[in-house]
Amino acid sequence: MTALCERAIVSLRSAPSLPRHVRIQYDPVRLAFAVLSPEKVFWPNDISLDILRRCDGQSTVERIIADLAADYDADPQDVADDVVAFLQEWSDKLLVKL
Amino acid sequence: MSEALLPPIGMLAELTHRCPLRCPYCSNPLELLKANRELDTQTWLDLFSQAADLGVLQVHLSGGEPTLRRDLEQLIAACSALGVYTNLITAGVGIAEGRIEAFAEAGLDHLQLSFQGARPATTDRIGNHQGSHEKKLETAHRARAAGLPLTINAPVHRHNIEEVPEFIDLALSLDAERLEIANVQYSGWALANRDLLMPDRAAVDRQADIVAAAQEQLAGIMNIDFVTPDYFAIYPKPCMGGWARDAFMVTPDGTVLPCHAAQTIPSLRFERFGDRSLAEIWTDSPAFNAFRGTEWMREPCRSCERREVDWGGCRCQALAIVGDAAATDPACIKSTAHARMATLVDETRRSNTAGDDAFMYRRIGRNFDGGNNRRR
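Conventions adopted
Residues numbered from 1 in each chain as written. Chains lettered and ligands numbered in written order. Predicted model: local features only at pLDDT ≥ 70, side-chain atom pairs only at ≥ 80, totals over all residues. Buried ≥ 20, exposed ≤ 12 C-beta atoms within 10 Å, placed from the backbone. Helix = DSSP H or I, 4+ residues; strand = E, 2+ residues; numbered from the N terminus. Pairing = 2+ DSSP bridges. Right-handed = clockwise from strand over helix to strand, strands pointing away. Contact = placed C-beta atoms within 7 Å. Nonpolar A, V, L, I, M, F, W, Y, C, P; charged D, E, K, R; others polar. pLDDT = per-residue confidence, 0-100.

*Asks:* Looking at this model, I keep getting lost on the pairing of strand β4 (residues 110-114) of chain B. Mind explaining?
*Replies:* Side chains on a regular strand alternate between the two faces of the sheet. Residue and element names in this part refer to chain B. Here β4 lies mainly inside the structure; five of its five residues are buried. Where burial is concerned, the two faces of β4 agree: the one with His110, Gln112 and Ser114 and the one with Leu111 and Leu113 are both buried. Bridging between strand β3 (residues 85-90) and β4 involves four bridges; their strand directions are parallel. Bridge assignment links Thr90 to a residue of β4, and that residue is Leu113. Handedness of the crossover joining β3 and β4 through helix α3 (residues 99-106) is recorded here as right-handed.

*Asks:* For this particular structure, what's the right way to read the interface of chain B and chain A?
*Replies:* Where interface size is quoted, it is often the accessible area lost as the parts come together. In this complex, chain B contributes 29 residues to the contact, which on the side of chain A involves 24 residues. Taken together, the elements giving at least two residues each to the side of chain B that touches chain A come down to β3, α6 (164-173), α9 (201-217) and β7 (223-227) of chain B. By residue number, the principal contributor to the side of chain B that touches chain A is α6 of chain B, which donates four residues. Considered class by class, the residues forming the side of chain B that touches chain A number 12 nonpolar, 11 polar and six charged.

*Asks:* Would you take a moment to explain unusual backbone geometry for this structure?
*Replies:* When glycine is set aside, most residues are seen to have a negative phi, and most peptide bonds are trans. Residue and element names in this part refer to chain B. Cis peptide bonds are those with omega within 30 degrees of zero, and the linkage from Gly63 to Gly64 qualifies with 10°. Position of Gly64 relative to the elements: it lies in the loop between β2 (58-62) and α2 (72-81). Residues Glu299 and Pro300 are joined by a peptide bond in cis, for which omega reads 10°. Position of Pro300 relative to the elements: it lies in the loop between α11 (286-290) and α12 (307-310).

*Asks:* Is there a simple way to explain the sheet that holds β4 of chain B in this structure?
*Replies:* Remark on secondary structure: sheet strands pair via backbone hydrogen bonds, oriented parallel or antiparallel. All names here are of chain B. An order of β7-β6-β5-β4-β3-β2-β1-β8-β9 is seen for the nine strands of this open sheet, with the pairing classed as mixed. At either end of the open sheet lies a strand with only one pairing partner, and these are β7 and β9 (256-257). Bridge analysis of strand β6 (residues 178-183) against β7 gives five bridges, and the strand direction is parallel. Bridge pairing links Glu180 to Asp225 in β7.

*Asks:* Got a minute to help me understand the sheet that holds strand β2 (residues 32-36) of chain A in this structure?
*Replies:* Residues and elements named next belong to chain A. With antiparallel pairing, three strands are arranged side by side in an open sheet as β1-β2-β3. With one partner strand each, in any of the chains shown, β1 (23-27) and β3 (41-42) form the two edges of the open sheet. Two elements, β1 and β2, share five bridges in a ladder whose sense is antiparallel. In the strand pairing of β2, Tyr26 is matched with Phe33.

*Asks:* It is not clear to me how the confidence of the model for chain B should be interpreted in this structure. Could you clarify?
*Replies:* In low-pLDDT regions, the fine details of the predicted coordinates are not to be read closely. Residue and element names in this part refer to chain B. In this model, chain B carries a mean pLDDT of 92, and residues with pLDDT of at least 70 account for 94%. In this model residues 369-376 is a low-confidence stretch, pLDDT under 50, and it forms 12 contacts with partners more than four residues away in sequence or in other chains. The ipTM value of the predicted complex is 0.91, and its pTM value is 0.93.

*Asks:* How should the environment of Leu75 of chain B be read in this particular structure?
*Replies:* Here Leu75 of chain B shows up in helix α2. Beyond its immediate chain neighbours, meaning those up to four positions away, Leu75 of chain B contacts Trp44 and Leu61 of chain B.

Quick look at the structure:
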């Protein structure tokens, strides 16, 4: 198998973004934010949504972790573990671009 | 119903039954509609608008071949303006120059392109269309050049199951972000051609191993969705995510259905958009309520811990094989008719000599004896 790209691994310097086939959208019928992708619709919880909204292609993972730790008044190392694991999972499903 | 009625999330719009390909497993019904039965542009626009109001977030624009509709750009633009995610499901043959770019410009979110084979000879033979493979490759390149994300869809059966590794390579080489290895579901034309399409168990097992290994190896590179073959399954699929649960489809003439093959169930009558609003059909149509939720279930479904996982499976398969649309899907190991699936696999193998591909190709207005529609 010859792929045109390699599996991306999250680093603190990654600046994640949403690929073109993925978007976050408020659904006025269900009063919730949905993540739309080719076949699936996801309903992220508040924390996941906070991470995804910061995937603007500008903010680094390091910055996202610092922001969330401040917002949630949480231990940065705990936040880091969660954010990195979340982004790796979503990147592996091609829902986030690193 | 045992639970609250939910708004639909997905809509499959079969804009037309016309298609340049004649695949013998087409999911369209045997009685295909001619162009003069198709809804006009304004009616589709009204329908998409009502669908969005009702809660639909994704529209799959399909057919037949949806690009044969000259108003496709307009339909995509309207969905896009409504905030609805649009997925174009195309055979990728004969799309005029500039149109793919126009679809992207109109706001198309994603394009799904079918390949009947990974090899040109297979694609051309299964779709009964010379040169189709080359045209599909060109469509894939044009889609990627227009910035459109791409899924390659490979419907799998005994005539191409050995090409699964090549399908994976093909999808990678075309820069697809997603590949569907979709074992053919035996309804519509596929049911009519079942004896010629059914793979054997050894090939199915090999395929499952190949796909599982590739899924692991290609994590983060390409998603592979594997639609497993019902006749070799232990549990059924939640057909359409459950009957009338979160998705529906619309035929070219505006008939609203819970699934592709629903019209094969003779006890049900389906309503057309225009005669009633979409919200009325979704909420009140007796056909939609017939198998919604879990209340309609009998044993073994009724007390099964999986009843809200697979929702009893496929009603049309239950009808086709058990003769009762309210029976448990025979794909389920708990069905009293489950052994019939394996018997059918064995029977098709016996009635089938190697290399036999006298398909009954899909055709609008075919004679139902099928006799003059066979490949010589």
